[in-house]
Structure formats: structure tokens, C-alpha cells
Amino acid sequence: MRASADVVIIGAGVTGAALAYTLAKRGIRDVLVLERRFPCAGATGRCGGGIRQQFTSESNIRLAMGSVRIYEGLSEELDYDIEYVQGGYLMLAETEQELELQRKAVALQNELGLPSRALSPEEVPEIVPLFDTSTIAGATFCPTDGHANPFRVVEGYLRAAKGLGVKLQKFTEVTDLTVRGGRVTEVVTSRGKVAAGVVVNAAGAWSKRIAAMAGVELPNQPVRHEILATEPVQPITDVMVVSLHTGIYFSQTVQGQIVGGIGDPAERPGYNIRSSFRFLRRFLSELVRHIPALGQLAVLRQWAGLYDVTPDAQPILGPTPGLENFIQANGYSGHGFMIAPKVAELLADYIERGEVSEDLRRLSLSRFEGELKGEAFVVG
Ligand SMILES: Cc1cc2nc3c(=O)[nH]c(=O)nc-3n(C[C@H](O)[C@H](O)[C@H](O)COP(=O)(O)OP(=O)(O)OC[C@H]3O[C@@H](n4cnc5c(N)ncnc54)[C@H](O)[C@@H]3O)c2cc1C
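Residues numbered from 1 in each chain as written. Predicted model: local features only at pLDDT ≥ 70, side-chain atom pairs only at ≥ 80, totals over all residues. Heavy atoms only, no water.

### What about the site of the ligand?
As a reminder, the rule being used: Residue proximity to a molecule or strand is established when one non-hydrogen atom of the residue lies within 4 Å of it. Under the rule applied, a polar contact is a pair of N or O atoms within 3.5 Å (in protein, one hydrogen donor and one hydrogen acceptor; residues adjacent in sequence only if both atoms are side-chain atoms). Using a 1.4 Å probe, accessible areas were evaluated by the Shrake-Rupley method; residue-level cover was limited to the displayed protein chains.
Close to the ligand lie 38 residues; Thr15, Glu35, Thr44, Gly50 and Met338 are nearest. Within the contact set of the ligand, an oxygen atom lies 2.5 Å away from a side-chain nitrogen or oxygen of Thr44. Val174 is positioned such that a nitrogen or oxygen atom in its backbone is 2.9 Å from a nitrogen atom of the ligand. Here the ligand, which alone exposes 1,000 Å², has 97% of that area covered by the protein.

### Concerning the pattern of salt bridges
Convention followed: The working definition used for a salt bridge is a side-chain nitrogen of Lys or Arg within 4 Å of a carboxyl oxygen of Asp or Glu. Numbering of helices and strands starts at the N terminus; helices are DSSP runs of H or I of at least 4 residues and strands are runs of E of at least 2. Residue exposure (1.4 Å probe, protein chains only): buried if accessible area is under 20% of the type maximum, exposed if over 50%, otherwise partly exposed.
Across all of its chains, the model carries 22 salt bridges by this definition. Residue Glu94 pairs with Arg289 through a salt bridge whose shortest N-O separation is 2.6 Å. Here Glu94 is found in the loop between β4 (89-93) and α3 (96-111), whereas its partner Arg289 is found in helix α7 (residues 277-290), with 195 residues between them in sequence. Judged by its relative accessible area of 22%, Glu94 falls in the partly exposed class. Several salt bridges converge on common partners, so that one network encompasses Arg26, Asp349, Glu352, Arg353 and Glu355.

### Observations regarding the nonpolar core
Applied cut-off: To define a nonpolar core, start from buried Ala, Val, Leu, Ile, Met, Phe, Trp, Tyr and Cys residues and group those joined through side-chain atoms within 4.5 Å. Each domain span listed reflects an automatic or database assignment of domains. Throughout, a contact is declared for two residues whenever any of their heavy atoms are within 4.5 Å.
By size, the foremost hydrophobic cluster in this structure holds 72 residues, and its most contacted members are Ile9, Val200 and Ile351. No other element matches helix α8 (residues 336-353), which puts 11 residues into this core. When residues of this core are assigned to domains, at least three map to each of domain 1 (4-47 + 151-219 + 312-369) and domain 2 (87-144 + 221-309). Those residues in contact with Ile9 that sit more than four places away from it in its chain are Gly16, Leu19, Ala20, Leu23, Val31, Leu32, Val33, Leu34, Val200 and Ala202. Leu90, Ile127, Leu228 and Ile258 belong to the second largest nonpolar core, which has 24 residues in total.

### Concerning the packing of helix α1 (residues 14-25) against helix α5 (residues 150-163)
Operational definition: Axis angles are defined between N-to-C directions and span 0 to 180 degrees, where every axis is a line fitted to C-alpha atoms and, for a helix, only to the segment in contact. Angles are sorted into four bins: roughly parallel if under 35 degrees, roughly antiparallel if over 145, roughly perpendicular if 65 to 115, and oblique for all others. Note on convention: the crossing is left-handed when the near helix lies turned anticlockwise from the far helix by less than a right angle, right-handed when the turn is clockwise. In this count, Pro and Cys sit with the nonpolar residues alongside Ala, Val, Leu, Ile, Met, Phe, Trp and Tyr, while Asp, Glu, Lys and Arg are called charged and the others, Gly among them, polar.
Remark: α1 packs on α5, axes separated minimally by 8 Å, with the N-to-C direction vectors making an angle of 30°. Regarding the angle of α1 to α5, the classification is roughly parallel. Relative to α5, the crossing made by α1 is left-handed. Contact residues: α1 offers Val14, Ala17, Ala18, Ala20 and Tyr21, while α5 offers Val153, Val154, Tyr157, Leu158, Ala160 and Ala161. Classifying every residue of the contact of α1 with α5 gives 11 nonpolar, no polar and no charged.

### What about the domain arrangement of the protein?
Going by this rule: Summed over both partners, buried area is the accessible surface (1.4 Å probe) that two parts give up on being assembled.
Along its sequence, the protein is organised into domain 1 (4-47 + 151-219 + 312-369) and domain 2 (87-144 + 221-309). Measuring from the centre of the C-alpha atoms in domain 1 to the corresponding centre in domain 2 gives 30 Å. Contacts between the two partners involve 15 residues from domain 1 and, on the opposite side, 13 residues from domain 2. Of the roughly 1,100 Å² buried where domain 1 meets domain 2, counting both sides, 54% is carbon and sulfur surface. In terms of surface lost to domain 2, no three residues of domain 1 exceed Arg46, Ala205 and Ser333, which account for 46% of the buried area on that side. Counting across the domain 1 and domain 2 interface gives six residue pairs in polar contact (both at pLDDT 80 or more).

The structure is reproduced here in C-alpha cells:
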């Protein structure tokens, strides 16, 4: 393993991969990505691949809109098909309170330039055929939301990054960080030590542990989220469907499988990623309630991954107060895949020029010292 690197990124999920490529593209090529297992071993390889911009917090809307602009051209830029489908997101509401939340959200989203709009239940089958309109009170739709294949996004980014000189060290676990004079100077791994100019904590649900190695306390908590895939069927819809009421979400992959999950309010924080029958029953009964015809489908497999959840359901990004070369890129609370490309640009701005954008400032670790204003559109 090399003895030093200008930038050491811990974690080869979508965050680490996107940042490695973005830095290399700008000419910062002495970048080393350290991964305990293999790329996509964490949440990224277990996620639903959804890319939405319909949020209630200004930062999340802006980050997601910036990412969509990048995702739209990413297959071409990386010369690698990321299976990007821009079929829109349909967000379902079942109560008056949820409709009111949606009305406010759409107003803010439109103000920021997002083409989201409210739909009556009767308009929904035009977008998702076979949908039972009696199950909802209303919905919103944004045609520029979509989904992509997480494995192909990470592979595309890493391939291109390696082509520009980035090094990826797989099966290398970070075990400690050395702090001297207000900086993280060295990363200690299962394969030796690396002196580092900048260290990025992109370790997903394990970020809290990495931060603790430098004496930094993150408020993040790992929380299991389960997901499944059915047998492939002929194309029904390109849309990702999400319910504000139950937290169910699902879409159809380009191969025809229905892939989706549902949040569970009974889930407790922890590193458990076993699959449960409770999830299977809850997900399928909700899926079939909204689209009865899908009751014919066989489930092929189910799995689980970890959300890295913060108290306000927004990520922790940018330099650590008191340790300016230790950069946080975690705490995505279930939205990391969709915003990673834009986050990579903002972090690269900081690493390249010391520029702290408004969103980095708002989402810095220091916000937990003040009063929090959270994100309300969280799946699960
Ligand atoms: C079931 C499920 C569905 C989801 N659906 C969506 C969705 O539709 N859209 C969306 O935007 N987001 C979704 N998410 C959230 C999304 O997956 C994450 O926010 C995102 O993938 C985080 O990426 P990451 O690169 O930051 O972290 P990860 O992908 O978790 O990568 C972190 C990496 O760090 C490595 N690592 C950990 N500790 C160490 C160490 N000590 N040394 C070296 N390496 C280490 C891990 O092995 C891992 O590979 C979902 C998550 C789950 C679990």
C-alpha cells in the first residue's frame, strides 16, 4: 500500500466513488479510496436506486436538483450505462395533513425551479396504470425524478476515476486515525499506515465509528431498512411510487422486476441486517392494496441494508469544526444515492479551493449545536 496520499477517502460506496472521480476530473489525482470489503458492500449496493428531488428542506431540494443535472449526463460522461430512467416520482398522500404538507412542499419546490405538481387520485392511473385510486387522497408528481442502477453508478465512477490515476484499495479496513496539531495526519489500516493531506469520512452507517477514531462524536445512528425484488414482468411503469403515509416505495427496473421497500416505525437502531417475514408481509400487503394486479407476482429475493440516520434526517457534510482537513460525507438518512453526485462537487470545491458553499455550511456538523429544522419527506 502507498505511504501517503493528498486525499484519503474512507468507503467505496456511491459517496466515495463520486468524490474520487470528481476530484480526479479536476486534476486532484493523488487520491486513495480505502474500502474494508469491496465497492457497494454498504448501503449503496443494497439501495432502491431512487433519485428524487421532492423534499421539504431547501438544502435537500437543491442538492437533489444538482444531482439530477449530473445524473442526466452521467452515462455519456463516464462512457458507461448507469441504467438511468427519468420516469418521475409519484408521492402518495392519504390524509388531509399529508396533503397540506405536499401543498407547502410543491410551493417551495416550484419556487426553486422544480416542475413538481399536485395530482388528484383520478389522474394517478394515467401515470401508474392499474393503480387503485380509492387508496389515496391525492399525490404529487415530478417528471424529472427517476432511478438508476447503484452498482453501475459506482462501477462507472470508479472505472473513470482509476483511469485518471485514483487508487482503490479493497479489503483494507481503517482501524484508527492519528490527530496532531488540529489535523488528521495519518490513517491507520489493516494493511499499514497512510499519511494524508485530507481525510474524507464516507463510511456510511460506520461513519460514527470512523469519526470516533479522531475523537469526533457524530449523532448518526444505523437503522435497518429491508427491500425486495419480484420476478420480472412486462413494463408497467417507469415511475417510482412513494407513500408519505406508510413509507412504501417501489419502482420497476429496466429488467422488469418490481423493487421496493417500506419503513418500519418499530425498527430500533443497530447493525442488524437480517431479513424478516414481518417486512415481507407489510410490504406486499401495501403494494397489493395500491395495485391489486401485482398480487400475481412471485418474490425472488429480499435483503436489508443500513440507513445512516441523523436527528434532522439531513446529511452531515464538510469540514469538521476543529479538524478542518477531516471531512464528513455521511448521515444521509436514506437519501444518499440521489444526492451523492452534487455532494461530490461541493466537497471537491472545498478540497480544491477551500470554498464552503451555503449548503455545506447549513449541513455542517456544527448545526447540531443549534435548533434543528428537519426534512419531513423521509421514506420510513
Ligand atoms: C434498503 C435501502 C434502500 C435505499 N434506497 C435509496 C434510494 O432509493 N435512493 C437513495 O438516494 N438512497 C437510498 N438508500 C440510502 C443510500 O443507500 C445511502 O444513503 C447511500 O448508498 C450511502 O452511500 P455511501 O457511499 O455514503 O455509504 P455506503 O454505501 O454505506 O458505503 C460506505 C462504505 O464504507 C465501508 N467502510 C465502513 N467501515 C469502513 C472501515 N473501517 N474501513 C474502510 N471502509 C469502511 C463500507 O464497507 C461501505 O462500502 C437506501 C438505503 C437502504 C438500506
